[in-house]
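Each chain, letter by letter, is given below.
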Amino acid sequence: MNNIAIIGHNNALSKNLLELMSLRGYSKDNVKVFASNLSKDAQISFGDETLTISPIATFNHSEFAAVVCVSEGIMPQKQMLEIASSGLLVINATSCLNGLDNIPMVVGNINEGFSCPQNIINVPSPHVVQLLSAIAGLQKYKIKSVRVSSYVSADFEGQDGMT
């Protein structure tokens, strides 16, 4: 099985991703979690086992087949683009690559049928998907513009962030 790097650990997405990978039979030997140096040697659950979080400074992309970025501010845009250009698959669930013309967001039922350039799958946040789904339904009315304000209260912490 190919090694997978998870960049970020402190949100509901990373915790659920690790749980799902464990349930699907990934070995903890094939998954490595990286975060800021502040999280060095912290532990995170991986099914019934735990993984030790490594500092992002020790990340070496040549050891992995794919990188999943789930936390903001840990991996700079330039580094993410360099990793993808080396041939590695990058799944980005941060805003780091938003707004780049050559890297579209993948939004189900809206822009299906295109290939992901540069080995990057750029996934928008859930509230962006909800807004885009609603706006896509308005296209038939030939509306020229829509102004939206979005406020995320629970953010990426899930239920833990609500306490």
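Attention in this report is confined to the structure presented alongside it. Just so you know, these numbers come straight off a predicted model, no measurement behind them.

For the rest of this paragraph, the subject is the sheet that holds strand S2 (residues 31-35). Through backbone hydrogen bonds, the strands of a sheet pair up, either in parallel or in antiparallel fashion. Reading across the sheet, the 6 strands line up as S5-S2-S1-S6-S7-S8 and stay open at both edges, with parallel pairing between neighbours. The open sheet is flanked by strand S5 (54-55) and strand S8 (120-122), the only strands paired with a single partner. Across the sheet, helix H1 (residues 12-23) lies against strand S1 (4-7), S2 and strand S6 (66-69), angled at about 160° from S1, the strand it touches most. On top of the sheet, helix H2 (residues 77-85) reaches S6, strand S7 (89-92) and S8; it is set at about 145° to S7, its chief contact.

A few words on unusual backbone geometry. Backbone geometry at Lys-142 places phi at a positive 55°, although glycine is not the residue there. Relative to the assigned elements, Lys-142 resides in the segment after helix H3 (126-137).

Okay, the environment of Gly-108 next. Here Gly-108 lies in the loop between S7 and S8. We classify Gly-108 as partly exposed; its relative accessible area is 42%.

Okay, the side chain of Ser-71 next. Here Ser-71 is to be found in the loop between S6 and H2. Here Ser-71 falls in the buried class, since its relative accessible area comes to 7%.

So, on to a nonpolar patch on the surface. On the surface, Leu-131, Ile-135, Leu-138, Tyr-141, Ile-143, Val-146 and Val-148 cluster together into a nonpolar patch covering about 570 Å² of accessible area. Relative to the helices and strands, Val-148 resides in the segment after H3. For Val-148, a relative accessible area of 43% translates into the label partly exposed.

Reading the values: rules and limits
- As a convention, each chain's residues are numbered from 1 in the sequence order in which they are written.
- Per-residue local features are limited, in this predicted model, to residues with pLDDT of at least 70; the limit for side-chain atom pairs, both in listing and counting, is 80 or more; totals at the level of whole chains, interfaces and linings are taken over all residues.
- The basis for every side-chain value is the complete set of non-hydrogen atoms in the structure, without hydrogens or water.
- Following DSSP output, two strands are said to pair if at least two bridges run between them.
- Put simply, DSSP marks the helices as runs of H or I at least four residues long and the strands as runs of E at least two long, and each gets a number from the N terminus on.
- Here, two residues are considered to be in contact whenever any of their heavy atoms come within 4.5 Å of each other.
- Every axis corresponds to a line fitted to the C-alpha atoms, with the helix fit spanning only the stretch in contact, and the corresponding angles, defined between N-to-C directions, vary from 0 to 180 degrees.
- We call a residue buried when its accessible area falls under 20% of the maximum for its residue type, exposed when it is over 50%, and partly exposed in between, using a 1.4 Å probe and counting protein chains only.
- Only residues whose relative accessible area exceeds 30% and that form no salt bridge are eligible for patches; like-charged ones are grouped when within 9 Å, while nonpolar side chains (Val, Leu, Ile, Met, Phe, Trp, Tyr) are grouped when within 5 Å.
- Accessible surface area values rest on a Shrake-Rupley calculation with a 1.4 Å probe, where residue burial reflects the displayed protein chains alone.
- Throughout this description, the term salt bridge denotes a Lys or Arg side-chain nitrogen within 4 Å of a carboxyl oxygen of Asp or Glu.

Worth remembering: the numbers are spatial, not functional.
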